[in-house]
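Survey of secondary and tertiary structure
The lines below spell out each chain.
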Amino acid sequence: MDKHRTQAQLIEGRRFKLYKSGKVWMVAGATFLTLGAPGLVAVHADTTNQTTQQTAQQSQSALEQAQAKQSAASDGVQSASSLASQASSSAEATSEAANSASEGLSQANSVTSEANNQLNSAQSQQSQASQLASEATSAGIASQTSVVNSATNQVASDSNAITSAQSNETSQASSLAATSEVASQAQTKVDSDNADVAAKQAALDDAQAGTETATAQKNLDSANASLTTANNNLTSATNALTSGVAQTNTDQTALNSANAALTDHNSQITGAQTGVNNAQTLVNTDQTAVNNTQSQLTSVENQLSDTDQNHLIFPSDFAQTLKSWESGQMSDSDFDAYMAKAFAASSFNYGQPNQYQPTQADLNDSVSSTTGLTQSQLQDLAQFAAKLVNELRDALGEPHVNVSLVSQQIAQSVASAYNADNWNWANGHDMNALHNVATQYGITSDGYPSLTEAAGGGYQNATSQFFNTEYSNGTLTMASMKAMTAMSIEEMIFNDFSSNWGHMETLANSGYDQMGIAIDDQNWSHLNFFSSSNNTNNLNLTPLPALSDSTALANQKQQLQSQLTQQQATLKNDQQVLQNAQAKLASLQNDTSFASAVSLAQQKFSSDQSQNLALSVKQSQAKQSVQNAQANVTASQAALAQAQKDDSNQSANIQQKTADLNAAKSQLAADSQALNQANANYQAALAADNQAKAAIQAAQVTLKSDQANLADQQQKLADMKNAQANLAAANQAVQAAQSKVDSANAALTNVQSNYDSAKSADDAAQQAYQTALTKLAAANKALDEANQAVADLENQTSDNDGNSGTTGTTTGDNGSSTSGNDSTGTTGDDGTTGEGNSTSTNGNSTGETSNSSETGTTGNSSETSGNTSNNETSNGKTSENDGKSSESNGMSSNSIKPTPTSVQKRTETTSSAIQLGNRTVVMPENATKSAMTTTLPKTGEQEVRATGLLGLLIGAILSFGAFGYQRKH
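Counting restarts for each chain: residues are numbered from 1 in the order of the written sequence. This being a predicted model, a pLDDT of at least 70 is required before a residue's local features are given, and a value of 80 or more before pairs of side-chain atoms are given or counted; all residues contribute to the totals for chains, interfaces and linings. The side-chain values count all of the structure's non-hydrogen atoms but skip hydrogen atoms and water molecules.

**Observations regarding the overall build of the protein chain**
Numbering goes from the N terminus for both helices and strands, where a helix is a DSSP run of H or I of at least four residues and a strand is a run of E of at least two. Of regular secondary structure, the protein chain possesses 18 helices and nine strands. Looking at the protein chain as a whole, 34% of its 969 residues qualify as buried. In these tables, accessible area is a Shrake-Rupley quantity obtained with a 1.4 Å probe, and a residue counts as shielded only by the protein chains included in the view. Carbon and sulfur atoms provide 50% of the accessible area of the protein chain, an area that totals close to 55200 Å². Three labels apply to residues, based on accessible area from a 1.4 Å probe with only protein chains included: buried if under 20% of the type maximum, exposed if over 50%, partly exposed otherwise in between.

**Brief notes about the pattern of salt bridges**
We count a salt bridge whenever a side-chain nitrogen from Lys or Arg sits within 4 Å of a carboxyl oxygen from Asp or Glu. Tallying each qualifying case throughout the model produces 11 salt bridges. K189 is the partner of D671 in a salt bridge, and the nearest nitrogen-oxygen pair spans 2.7 Å. Within this pair, whereas D671 is found in helix α16 (residues 654-721), its partner K189 is found in helix α2 (residues 138-207), the two being separated by 482 residues in sequence. On the basis of relative accessible area, D671 is assigned to the buried category, the value being 13%.

**What to know about the packing of aromatic side chains**
Here a pair means two rings of Phe, Tyr or Trp (six-membered ring of Trp) with centres within 6.5 Å. Their orientation is stacked below 30 degrees between planes, edge-to-face above 60, and tilted elsewhere. Counted according to the given criterion, the structure contains 12 aromatic pairs. Pairing Y418 with W425 gives two aromatic rings, centres 5.1 Å apart and planes at 20°, and the pair type is stacked. You can call Y418 buried: its relative accessible area is 2%. Its relative accessible area of 14% is what places W425 among the buried residues. An aromatic cluster is present here, built from F314, F318, F343 and F494 joined pairwise through their rings.

**Structural notes on the nonpolar core**
Ranked by internal contacts, the top residues of the largest apolar core, which has 45 residues, are L392, I493, M504 and L507. Here the element with the most residues in this core is helix α12 (residues 478-494); it accounts for 10 residues. Here, residues are in contact when the closest pair of their heavy atoms is within 4.5 Å. Excluding residues within four positions of it along the chain, M504 makes contact with F318, L322, F335, M339, L392, M492, I493 and D496. Think of a nonpolar core as a cluster: buried Ala, Val, Leu, Ile, Met, Phe, Trp, Tyr and Cys residues, connected wherever their side-chain atoms sit within 4.5 Å.

**Quick notes on the environment of F494**
Here F494 is to be found in helix α12. Each C-alpha atom, one on F494 and one on Y338, is 9.2 Å from the other, the two residues being 156 residues apart in sequence. The residues touching F494, leaving out its near neighbours within four places in the chain, are L312, I313, F314, M339, A340, A342, F343, S346 and W501.

**Quick look at the UniProt feature "coiled-coil region" (unreviewed entry) in the protein chain**
UniProt positions are given in the numbering used here, feature names are shortened, and annotations may be inferred rather than shown by experiment. UniProt marks residues 557-591 with the feature "coiled-coil region" (unreviewed entry), using the numbering shown here. In residues 557-591, helix accounts for 97% and strand for 0%; the two terminal C-alpha atoms are 50 Å from one another.

**A closer look at the environment of D332**
Mapping D332 onto the fold places it in helix α5 (residues 332-346). Taking the relative accessible area as the measure of exposure, D332 reaches 47% and is therefore partly exposed. Taking the C-alpha atoms as reference points, D332 and N500, separated by 168 residues in sequence, lie 8.7 Å from one another. Within polar-contact distance, the side chain of D332 engages the side chain of W325 at 2.7 Å. As used in this structure description, the phrase polar contact means that two N or O atoms lie within 3.5 Å; if the pair is within protein, one of them must be able to donate a hydrogen and the other to accept it, and residues adjacent in sequence are counted only when both atoms belong to side chains.

**Comments concerning helix α9 (residues 431-441)**
Along α9, the residues that are buried comprise A433, L434, V437, A438 and Y441. The arc that holds the buried residues of α9, viewed along the axis, is 125°, so those residues lie on one side. Set apart from the buried face of α9 by more than 90 degrees, the exposed residues are N432, N436, T439 and Q440. On its buried face, α9 sits against α8 (405-421), β1 (444-445), β2 (448-449), β3 (452-456) and β5 (525-530). Among the residues trailing α9, G442 stands out with phi positive, at a value near 75°. Here the arc refers to the directions that run from the helix axis out to each C-beta atom.

**Some thoughts on the pairing of β5**
A large share of β5 lies buried, amounting to six of its six residues. Burial of the side chains of β5 extends over both faces: S525, L527 and F529 are buried on one face and H526, N528 and F530 on the other. A pair of strands counts as paired when DSSP detects no fewer than two bridges linking them. When β3 meets β5, the two strands line up antiparallel, connected through five bridges. In the strand pairing of β5, A454 is matched with L527. Inspection of the sheet shows strand β4 (residues 514-519) paired to β5 by six bridges, in the antiparallel sense. By the bridge assignment for β5, G516 is matched with N528. As consecutive antiparallel partners, β4 and β5 are separated by five residues, and within that stretch N523 has a phi angle of approximately 65°, a positive value.

**Focus on the packing of helix α7 (residues 375-396) against α12**
With their axes 10 Å apart at the nearest point, α7 and α12 run at an angle of 30° to one another. As far as their axial angle goes, α12 and α7 are roughly parallel. The handedness of the crossing between α7 and α12 is right-handed. Touching Q377, D380, L381, F384, A385, L388, V389 and L392 of α7 are M478, M481, K482, T485, A486, I489 and I493, all from α12. Axis definition: a line fitted to C-alpha atoms, over the contacting stretch in the case of helices. Angles run 0 to 180 degrees between N-to-C directions. In what follows, roughly perpendicular refers to angles from 65 to 115 degrees, roughly parallel to angles under 35, roughly antiparallel to angles over 145, and oblique to any angle outside these ranges. Less than a right angle of anticlockwise turn of the near helix away from the far helix marks a crossing as left-handed, whereas a clockwise turn marks it as right-handed.

**Some thoughts on α7**
Here a helix's expected span is defined as the number of its residues, less one, multiplied by 1.5 Å. Taking 1.5 Å of rise per residue, the 22 residues of α7 would be expected to cover 32 Å, and the 31 Å separating its terminal C-alpha atoms lies within 8% of that figure. The buried fraction of α7 amounts to 17 of the 22 residues, a majority that puts the element mostly inside the structure. Phi turns positive, to about 75°, at G397, one or two residues after α7.

**A word on the sheet that holds β5**
In spatial order, the strands read β3-β5-β4; together these three strands make up an open sheet with antiparallel pairing. The two strands at the open ends of the sheet, each matched to only one other strand, are β3 and β4. This sheet shows a mean twist of 20° between the axes of neighbouring strands, independent of strand direction. Contacts between α7 and the sheet are confined to β4 and β5, with β4 contributing the most and set at about 130° to the helix.

**Notes on the pairing of β4**
Within β4, six of the six residues are buried, leaving the element largely enclosed by the surrounding structure. What you see with β4 is no split at all: Q514, G516 and A518 on one side and M515, I517 and I519 on the other are buried throughout.

**Observations regarding the environment of W423**
Note that W423 resides in the loop between α8 and α9. Here the alpha-carbon distance between W423 and Q522, two residues 99 residues apart in the chain, equals 9.1 Å. Apart from residues no more than four positions distant in its own chain, W423 is found in contact with Y418, G428, H429, D430 and Q522.

**A look at unusual backbone geometry**
Residues other than glycine seldom take positive phi values, yet W501 does so here, at roughly 65°. As for its position among the elements, W501 is in the loop between α12 and α13 (502-508). Using a relative accessible area of 1% as the deciding quantity, one classes W501 as buried. The backbone of N523 sits at a positive phi, close to 65°, despite the residue not being glycine.

**Concerning the packing of α8 against α9**
Where α8 contacts α9, the axes come no closer than 9 Å and their chain directions differ by 140°. By the criterion of interaxial angle, the relationship of α8 to α9 is oblique. For the pair α8 and α9, the crossing hand works out as right-handed. Contact residues: Q409, I410, S413, V414, A417, Y418 and D421 in α8; A433, L434, V437 and Y441 in α9. Put simply, Ala, Val, Leu, Ile, Met, Phe, Trp, Tyr, Cys and Pro go in the nonpolar bin, Asp, Glu, Lys and Arg in the charged bin, and everything else, Gly too, in the polar bin. Split into classes, the residues belonging to the contact of α8 with α9 amount to eight nonpolar, two polar and one charged.

**So, a nonpolar patch on the surface**
Together, L950, L953, I954, I957 and L958 make up an exposed nonpolar region whose accessible area comes to about 470 Å². For L958, the position within the fold is in helix α18 (residues 941-968). The class of L958 is partly exposed, set by a relative accessible area of 42%. Here a patch means residues that are over 30% exposed by relative accessible area and free of salt bridges, tied together within 9 Å if like-charged and within 5 Å if nonpolar (Val, Leu, Ile, Met, Phe, Trp, Tyr).

**A few points about the side chain of Q123**
For Q123, the location among the structural elements is in helix α1 (residues 2-135). With relative accessibility at 17%, the residue Q123 sits in the buried group. Excluding residues within four positions of it along the chain, Q123 makes contact with N540 and V734.

**Some details on the confidence of the model for the protein chain**
On a scale of 0 to 100, pLDDT captures the predictor's confidence in every residue. Mean pLDDT over the protein chain stands at 78; residues scoring 70 or higher make up 74%. Within the model, pLDDT remains below 50 along residues 458-469, and this stretch shows 21 contacts once partners closer than five positions in the same chain are excluded. Long-range and interchain partners of residues 804-912, a stretch whose pLDDT sits below 50, account for 201 contacts in this model, where long-range means more than four residues apart.

In structure tokens:
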């Protein structure tokens, strides 16, 4: 126990000695630092000032080089803007020309459409005039005269009926007016009775109300209590709102700082977004071009798949051989053998080299086995047949045959006539049917019918041999019908020796330029031909469009495929550029720290602001409650006084008012019964008057109808008497309308050519304008980069200048610190804060600091130049002298950037808008004026250095003395 106690006491003693020794050394060290440190600090300041002067000179040189690049970039923007303006003017001019040409094209189309409408109307009138002329015989005119006389008599009878009906209606209207007046008077009496009953009931209710004094006193007591509660609530609401406003002000300061940082970050995102947008625009343009070309290619491929590929094959000497046979230079047997050989090469039969190839569209187009072909399918079949016939005519050098709606109607009429006659093909062609149809449509030559026919019976055989399965299942298609038609025409051309080639000669006859096709009930095809010169009824023989040419489509497909390959390569390159720009933008956008800081600050501010709004509403409600309570007290006091006055007088006439009310109710009941009877009488009179008016209207309708019939019959009689003249006029009108159509079509062709030329010129000008805009954007980007480089160097110069100050204890005139002023000292590079007020070398405390803090510009004072600064300070941190934004000369600043000692700079950045035709392009301009002079401060370094050496010497002597004293004791 004693041994351990002794060790503990020894340890404690040693610690006490070390503590006393440490106190001596602490005193010595403090003396050393007090007397020697100022000299060290002065030496440090001198070294720093020399280094800063060199840095300022280097920064000035770099800044001048950046400003030169900035000037060159500005010139580039001006040049690009000028070129863009010129391109815009040119584009506007070509656009106006294209628009004008488009308007002209629209007008020409309208004129053409109107001319066609007039032609159709004239042809319709011509058909009507022709029909009327055939009826205008002597017997027909006499019959029509009788019809007109009968219609005249009927109109007179109708007029008499209307007069009688109008007289009856006048009598009924007089009766209706009388009953209406009686009903109106009865209604007025009942309304007066109702008002009297209501008034007497109200008087009785007032008399029975009773006394109110006790109730009024109770209401007043309650109103006084409510007023006290409302005043207490208003006091609480006002206190809460005052506290909330103070917190919102603090939140606003934090939000301003976060927004400033986010604005700088967003400016970088905006630049990156511009790059993405430009790249995306280029990709979109490329993609549109690819899509358009692909669409055109798909359309051409679809047309190729649906374009007929079947053709008749003729020997090269076919025309000459036919002429030799027709002239007797070749025998019938030789010609028959020649045609048999040609037939073998051209046969559409299955398994042959030239077998029929159906299109997909025809395979998908079903034909009903019960109702047969539709009109649209018949037209398609006719156009296909005409193509094969025209291939024969091309081989012989003869003009083509055309298919029209009228020629199809004629062929269908022929097939219908065969069906009506139940014709037996063993008897050849039904000549009566052909003659009757020709006469019906006016297809005559010198008054005789002129309609010929080439018929084929191969449909039934072909169906059973080649398409048996398809037909028996009820799924016959247009592919089958065209194949059968092709084989039938082929038989007529190459295998017609049994008819001495009469069918072939009919198909090749150049005198027939119109053709139609139809199929009768016995599955025979009728190819009917006639000449348009024999169209005595001037029927509309406008040809239907011919089938597409597969060769031209194949060439177009090859061109589109080559174009698509080039456009896809361009798209791929531009997509890579877009991906790079998007990656840069995504990197900036993914940095959400700035937005998060703003969001948090905004949430805090919004939350407190919302609370303040609720508190403000609550305060307003409390004020209103006080006002309402006070008004209620006043009203309750008045009500109490009135109740006390009325209770003494209320008791007299309740019985009399009850009797008056009962009498009024009895009078109302009697008058109501009289009103009901008057209304019933009025309704009966009204029904009778309406019936009379309906009779008039019916008679008028009958008269109008009979008058219209009379006018029609009279006009028909006049037209019959002038039928021949009207027919001649109608024929002349058709010719005039046809002439207008021809002129309009010619004008339309010319206007279309002008529009195509103007559109091509406009497309080229627009492309040139877009190229100019792209170059202008590149020049603007170069200028932005030059502006940023200048701004960065200016900020760097500002940082160097801000760090050139000495410690916060430096003074102007004598180097000593001054205490007792309001503002704090500045912070030097070593982080030591001075005491009292730090001033500049010349003792002036306005606008000049020794380093990053803003001594001389504290409080609410702003920069002397009044320029706006967004979070820029000399050492990269925001000055926080009073934690508030400064405002000067009407320009706000989130944090003021201090002006370095003896360094002045000003950067002016403006933007101007240039007008490119109707387009406005913003062009940034940057003019930087920098004048920098560097004068390092003189603070009496030699005197302070001497004082420092003396302090070091004294400190050393005291330290050695303290050491010797310690050794002695």
